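Spelled out, the chains give:
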Amino acid sequence: RPSAHIGSRGPNVRLLQTALAKLAYVTSRGGRYDDATARAMIAYRKVNGMSRITSANRTIYRRLFAGRGGFRLRYPSAGKHVEFDWSRQVLVLASGGAPERIYHASSGKPSTPTVFGTFHFYSKTIGTNAKGMVDSNYFIRGYAIHGYHEVPTYAASHGCIRVPIPNAYSIYSWISLGDPIYVYR
């Protein structure tokens, strides 16, 4: 009866991390169920329409070991690009017709929604700005993908796409100016 949660350790956790990484979920690999593994589990659960919690149960282990639960790109022929699925609140970095990295994210709340459409990254700012945005990648008017100290499992920002601060720099580094982003429901 495999299960795991924050603080768990051992071979079951290592197998879980390996299976998540195989499907492109960004996780650690050390066999300790840490914050990175918890974020990957939230992303996995979001993609698969499950409750948005950090633990893994028997059902998740079974699905992962069967190779099920990956993200299906909406734009597989777009080359190197970013997809944000608003309905599932996940950010995907894609290349070669497949997801490379899948992240837990949070977009604009209903009163300040994230814009939908196809855009291209036009500006990048490393570090933290006065609004607490970390390693920002701007795609239209002041809307950006950026790290933030709070990234709930639901839409909560002022329109930007928030990602956890520990993931912000690797996303910042992967995105190039001119890359497309597809934001959709």
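Predicted model, so just to flag it, every value in this text is computed and none were measured. (Residues numbered from 1 in each chain as written. Predicted model: local features only at pLDDT ≥ 70, side-chain atom pairs only at ≥ 80, totals over all residues. Heavy atoms only, no water.)

## Let's talk about empty space enclosed by the protein
Piece 1. Evaluation of the coordinates by the stated rule reveals one cavity of 30 Å³ or more.
Piece 2. Taken as a whole, the largest cavity encloses approximately 40 Å³ of empty space. (1 Å grid on protein atoms, 1.4 Å probe; cavity = no way out; pocket = protein on both sides within 12 Å on 5 of 7 lines; lining within 4 Å. Points joined across faces, edges and corners; volume = space filled by probe spheres on them.)

## A word on the confidence of the model for the chain
Piece 1. Summing up the model confidence of the chain, the mean pLDDT is 98 and the portion of residues at 70 or higher is 100%.
Piece 2. Looking at the elements of the chain, mean pLDDT is at its lowest for helix H3 (residues 58–65), recorded as 97, and at its highest for strand S1 (residues 81–85), recorded as 99. (pLDDT = per-residue confidence, 0-100. Helix = DSSP H or I, 4+ residues; strand = E, 2+ residues; numbered from the N terminus.)

## Some remarks on unusual backbone geometry
Glycine aside, residues mostly have negative phi angles, and peptide bonds mostly take the trans form.
Piece 1. In this structure, Ala24 is a non-glycine residue whose phi angle is positive, near 85 degrees.
Piece 2. Inspection of the secondary structure assignment puts Ala24 in the loop between helix H1 (11–22) and helix H2 (35–47).
Piece 3. Even without glycine at this site, Arg141 takes up a positive phi of about 40 degrees.
Piece 4. Its place among the elements puts Arg141 in the loop between strand S6 (134–140) and strand S7 (143–148).

## Notes on the environment of Leu177
Piece 1. Of note, Leu177 is situated in the loop between helix H4 (165–174) and strand S9 (180–184).
Piece 2. When its relative accessible area of 54% is taken as the criterion, Leu177 is described as exposed.
Piece 3. The sequence separation of Leu177 and Ile161 amounts to 16 residues, and the corresponding C-alpha distance is 17 Å.
Piece 4. If sequence neighbours within four positions are ignored, Leu177 has contacts with Phe121, Tyr122, Ser123 and Lys124. (Buried < 20%, exposed > 50% of the residue type's maximum accessible area, 1.4 Å probe, protein only. Contact = heavy atoms within 4.5 Å.)

## Here's the deal with the packing of aromatic side chains
Piece 1. This model, assessed by the stated rule, comprises nine aromatic pairs.
Piece 2. Their ring planes at 65 degrees and their centres at 5.6 Å tell us that Tyr61 and Phe65 sit as a pair that is edge-to-face. Here Tyr61 pairs with Phe65, and both are found in helix H3, just four residues apart, close to one helical turn.
Piece 3. Here Tyr61 falls in the buried class, since its relative accessible area comes to 2%.
Piece 4. One aromatic cluster is present, formed by Tyr75, Tyr182 and Tyr184 through successive ring pairs.
Piece 5. Over the aromatic face of Trp174 sits the side chain of Lys80, whose NZ or CZ is 4.5 Å from the ring centroid.
Piece 6. A cation sits over an aromatic face here: Lys124 above Tyr172, 3.9 Å from the ring centre. (Phe/Tyr/Trp six-rings, centres within 6.5 Å; stacked < 30°, edge-to-face > 60°. Lys NZ or Arg CZ within 6 Å of the ring centre and 35° of its normal.)

## What about the side chain of Asp179?
Piece 1. With respect to the helices and strands, Asp179 occurs in the loop between H4 and S9.
Piece 2. In contact with Asp179, not counting residues within four places along its chain, are Lys80, Phe119, His120, Phe121 and Trp174.

## Section: the pattern of salt bridges
Piece 1. This structure, assessed with the given rule, holds two salt bridges.
Piece 2. Asp179 is paired through a salt bridge with Lys80; the nearest N and O atoms lie 2.5 Å apart. With Asp179 in the loop between H4 and S9 and Lys80 in the loop between H3 and S1, the pair connects residues that are 99 residues apart, well separated along the chain.
Piece 3. Relative accessible area serves as the criterion here: at 9%, Asp179 is assigned to the buried category.
Piece 4. Its relative accessible area of 30% is what places Lys80 among the partly exposed residues.
Piece 5. Asp85 is the salt-bridge partner of Arg88, the closest N and O atoms lying 2.7 Å from each other.
Piece 6. Note on Asp85: relative accessible area 4%, which makes it buried. (Salt bridge = Lys/Arg side-chain N within 4 Å of Asp/Glu carboxyl O.)

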